[in-house]
Amino acid sequence: MSTLPKDFLWGGAVAAHQLEGAWQEDGKGISVADVMTVGDNKTEREITDGVKPGLNYPNHEAIDFYHRYHDDVKLFAEMGMKAFRTSIAWTRIFPNGDEDEPNEAGLKFYDDLFDELLAHGIEPVITLSHFEMPYHLVTEYGGWRNRKMIDFFTKFATVVFKRYKDKVKYWMTFNEINNQAGLNKFALWTNSGINPQPGEDAEREMYQASHYEIVASALAVQIGHKINPDFQIGAMFAMGPVYPVTPDPKNVMKAERAMQANYFYADAQCKGRYPAWLKKYWERKQYDLDITLADEDVIKAGTVDYIGFSYYASHAAQAVDGEADDYMTRAKDSEVNNPTLKQSDWGWLIDPVGLRYTLNWLSDRYDLPLFIVENGLGAFDKIEDGKIHDDYRIDYLREHIKQMELAVNVDGVKLMGYTPWGFIDLVSAGTGQMDKRYGMIYVDKNDAGEGTLKRMKKDSFDWYRKVIESNGADL
Ligand code: P53
């Protein structure tokens with residue numbers, strides 16, 4: 001017998017730019033994802049200056065969900081899904097981001113999609129900004145370097161909150177808002193539309209952009225609650241616990257600081273304030289960020305209702321030689337392998353117990369309901385006799401679900417739901433690949449963009465259907 005709550009939100013997660021395609025249809029504008037080429041586990045995606053002819057931009061067509069969602073939703077319903085997490089492509093609603101009036105055709109698409117889901121008993125769970133801000137806001141305003149972004153974002157949020165107030169109850173503001181904390185080029189771009197220029201201090205820009213996003217998120221929470229007091233509006237973090245590689249206290253301090261540096265967003269969005277260590281850090285760096293007293297009041301008044309988070313892997317950190325007193329050396333220099341764990345084909349450490357650890361860590365610290373809105377294994381799949389026997393994926397999900405159930409049943413964590421990532425194959429955010437597959441539903445398309453786009457159930461489809469049907473008892 002499962003002891004998960006009766007209304008537990010079993011489902012799956014995707015993001016608009018990774019599955020919809022139709023990148024120029026019905027008035028849609030160009031997003032930051034539309035100027036990213038395909039890569040692989042060795043080659044980085046390229047961010048081009050506008051859309052260039054002859055290059056492979058995998059998000060342009062993606063899996064063509066825009067035209068195929070009627071049939072796809074039928075498959076989701078067959079799997080027994082209770083919740084479908086996706087995002088609203090900002091560029092369908094405000095193609096450039098700075099228009100006065102929204103694009104009706106874009107609004108209508110999501111009306112139809114949400115109606116279709118609700119007709120099948122599937123609850124939409126909606127992210128407002130998932131790596132797909134309007135490209136025009138980057139070229140014209142410098143992305144989230146600019147305070148004006150707060151107005152553009154809150155306008156977008158207000159329009160969709162009003163339009164879908166009777167169709168959508170669960171929202172999240174910014175997907176994996178904390179990815180950029182590591183100063184990785186790809187994350188600065190997808191989170192904030194920042195492609196650091198020579199002479200620019202990327203770290204300072206990251207903190208400034210993060211602050212504007214935190215303010216925008218807090219405003220959206222307040223606006224949303226006025227529009228419909230029943231809305232549940234969450235934050236969304238990429239959670240990967242950072243362990244000290246040995247019990248050497250320096251490594252323990254290193255790991256602690258890495259966690260603090262990644263999760264100060266949670267302090268701001270859940271507790272309504274920045275942590276003391278970070279204020280000190282900004283002071284010592286003489287960053288002189290644009291953070292007003294009014295902003296601080298907004299952040300305090302706009303804390304979230306729940307924490308959504310992704311969990312794929314854990315990390316191990318080691319203090320580097322000559323580590324400064326602040327222990328702020330970034331991940332690429334201090335992240336080390338954890339030989340106790342296996343890795344995916346993309347080098348992600350597989351750590352189910354880390355999920356339980358994460359659930360406990362978040363629950364103790366923030367005392368909010370939690371929602372696992374992404375989890376899964378990116379893997380190559382092989383078709384054999386017309387079937388895909390993805391037992392490696394089933395194993396991964398089973399072990400993580402077991403740990404999730406221990407967190408609920410043994411540790412008392414309040415958990416709202418579980419929506420594994422990319423339960424229908426889609427374009428990878430990190431590499432732009434199709435062949436890095438997370439799905440329980442296969443989509444016939446490869447990295448080069450070839451294929452019929454036909455959908456097909458993998459073995460994990462039936463397995464997951466039974467998991468949902470038994471509310472997590474039949475694993
Ligand atoms: P892909 C990095 C680290 C953790 C999660 O990732 C990440 C990323 C970005 O690559 O992204 C989330 O497709 C994100 C999804 C993404 C998914 O994880 O690189 O919210 O958009 O597709 C998986 O394998």
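Parameters and conventions
- Residues numbered from 1 in each chain as written.
- Predicted model: local features only at pLDDT ≥ 70, side-chain atom pairs only at ≥ 80, totals over all residues.
- Heavy atoms only, no water.
- Helix = DSSP H or I, 4+ residues; strand = E, 2+ residues; numbered from the N terminus.
- Rg over C-alpha atoms; globule rule 2.2 N^0.38 Å.
- Areas by Shrake-Rupley, 256 points an atom, 1.4 Å probe, with all protein chains shown as cover.
- Pairing = 2+ DSSP bridges.
- Core = buried A, V, L, I, M, F, W, Y, C linked by side-chain atoms within 4.5 Å.
- Buried < 20%, exposed > 50% of the residue type's maximum accessible area, 1.4 Å probe, protein only.
- Patch = residues over 30% accessible without salt bridge, like charges linked within 9 Å, V, L, I, M, F, W, Y side chains within 5 Å.
- Salt bridge = Lys/Arg side-chain N within 4 Å of Asp/Glu carboxyl O.
- Lys, Arg positive; Asp, Glu negative; His and termini not counted.
- Charge placed at Lys NZ, Arg CZ, Asp CG, Glu CD.
- Near = heavy atom within 4 Å.
- Polar contact = N/O pair within 3.5 Å; in protein donor to acceptor, adjacent residues only side chain to side chain.
- Axes fitted to C-alpha atoms, helices over the stretch in contact; angles between N-to-C directions.
- Parallel < 35°, antiparallel > 145°, perpendicular 65-115°, else oblique.
- Left-handed = near helix turned anticlockwise from the far one by under 90°.
- Contact = heavy atoms within 4.5 Å.
- Nonpolar A, V, L, I, M, F, W, Y, C, P; charged D, E, K, R; others polar.
- Phe/Tyr/Trp six-rings, centres within 6.5 Å; stacked < 30°, edge-to-face > 60°.
- Lys NZ or Arg CZ within 6 Å of the ring centre and 35° of its normal.
- UniProt positions renumbered as here; feature names shortened; annotations may be inferred.

Chemist: I'd love a proper account of the overall build of the protein, names of residues and values included.
Modeler: Counting its regular elements, the protein contains 15 helices and 15 strands. Relative to its length of 475 residues, the protein is compact, with a C-alpha radius of gyration of 21 Å against a globular reference of 23 Å. The principal-axis extents of the C-alpha atoms in the protein amount to approximately 60 × 55 × 50 Å. Surface summary for the protein: the accessible area is close to 18,600 Å², and the carbon and sulfur share equals 49%.

Chemist: Quick one: what's the story with the sheet that holds strand β6 (residues 242-244), residue by residue and with numbers?
Modeler: Strand order in the open sheet formed by three strands is β6-β8-β9, with mixed pairing between adjacent strands. This sheet does not close on itself; its edge strands, each paired only once, are β6 and β9 (335-336). In this sheet, strand β8 (residues 315-317) lies alongside β6 in parallel orientation, the contact comprising three bridges. Looking across to β8, one finds that V242 is bridged to H315.

Chemist: How would you explain the nonpolar core if you had to name every residue and give the values?
Modeler: Ranked by internal contacts, the top residues of the largest apolar core, which has 139 residues, are F76, W144, W171 and M404. Counting residues in each nonpolar core, the second largest holds ten residues, with V125, M172, Y306 and V373 among its members.

Chemist: Tell me about the pairing of strand β2 (residues 83-87), residues and numbers included.
Modeler: The buried fraction of β2 is high, at five of five residues. The two faces of β2 match: A83, R85 and S87 on one face and F84 and T86 on the other face are all buried. Here three bridges tie strand β1 (residues 9-13) to β2, and the two strands are oriented parallel to one another. Pairing of G11 across the sheet is with A83, part of β2. Pairing of β2 with strand β3 (residues 123-129), which is carried by five bridges, proceeds in the parallel orientation. Within β3, the residue paired with R85 across the bridge is V125.

Chemist: An account of a positive patch on the surface is requested, with residue identities and associated values reported.
Modeler: On the surface, a cluster of positive charge is made up of K271, R273, K279 and K300. Within the secondary structure, K271 is located in helix α9 (residues 249-271). The exposure class of K271 is partly exposed, given its relative accessible area of 37%.

Chemist: Explain the site of the ligand to me, using residue names and the numbers behind them.
Modeler: E374, A429, G430, K436 and Y438 are the nearest of the 15 residues found near the ligand. Measuring from an oxygen atom of the ligand, one finds a side-chain N or O atom of N175 at 2.9 Å. At 3.3 Å, a side-chain N or O of W421 approaches an oxygen atom of the ligand. In the complex, 88% of the free accessible area of the ligand, which totals 480 Å², lies under the protein chains.

Chemist: Describe the packing of helix α13 (residues 352-366) against helix α14 (residues 391-409), and please don't skip the residues or the numbers.
Modeler: The geometry of α13 relative to α14 is characterised by a closest axis approach of 8 Å and an angle of 30° between their N-to-C directions. By the angle between their directions, the pair α13 and α14 is classed as roughly parallel. With respect to the hand of their crossing, α13 and α14 are arranged in right-handed fashion. For the pair α13 and α14, contact is made by P352, V353, L355, R356, L359 and N360 and by E399, H400, Q403, M404, L406 and A407, respectively. Partitioned by chemical class, the residues of the contact of α13 with α14 number seven nonpolar, three polar and two charged.

Chemist: Could you give me a rundown of the environment of E25, with the residues and numbers involved?
Modeler: Looking at where E25 falls in the secondary structure, it is placed in the loop between α1 (16-19) and α2 (65-79). Taking the C-alpha atoms as reference, E25 lies 39 Å from R398; in sequence the two are 373 residues apart. Excluding residues that lie within four positions of it along the chain, E25 makes contacts with Y66, H67 and R92. A polar atom in the side chain of E25 sits 2.5 Å from the side chain of H67.

Chemist: Lay out the side chain of E20 in plain terms, naming residues and giving numbers.
Modeler: Here E20 is to be found in the loop between α1 and α2. Given a relative accessible area of 2%, E20 falls into the buried group. Among all residues touching E20, those that are not within four sequence positions of it are E61, A62, D64, F65, Y66, S87, A89, R92, F109 and Y110.

Chemist: Outline the packing of aromatic side chains, listing residues and values.
Modeler: In total, this model carries 40 aromatic pairs according to the counting rule given. Aromatic pair W90 and F153: ring centres 5.7 Å apart, planes at 70°, arrangement edge-to-face. Taken together, the residues span a long stretch of sequence, with W90 in helix α3 (residues 90-93) and F153 in helix α6 (residues 148-163) at a distance of 63 residues. Both residues of the pair, W90 and F153, count as buried. One aromatic cluster is present, built from ring pairs that chain together F65, Y66, Y69, F76, F84, F109, Y110, F114, Y164 and F423. Between K436 and the ring centre of W348, over which it is positioned, the NZ or CZ distance is 4.0 Å.

Chemist: Help me get a handle on the UniProt feature "active site" (unreviewed entry) in the protein, residues and values and all.
Modeler: Those places that UniProt annotates as "active site" (unreviewed entry) correspond, in this numbering, to E374. Along the chain, E374 turns up in strand β12 (residues 370-374). Among residues more than four places away in sequence, those in contact with E374 are A13, R85, H130, N175, E176, M236, F309, S310, Y311, Y312, T419 and W421.

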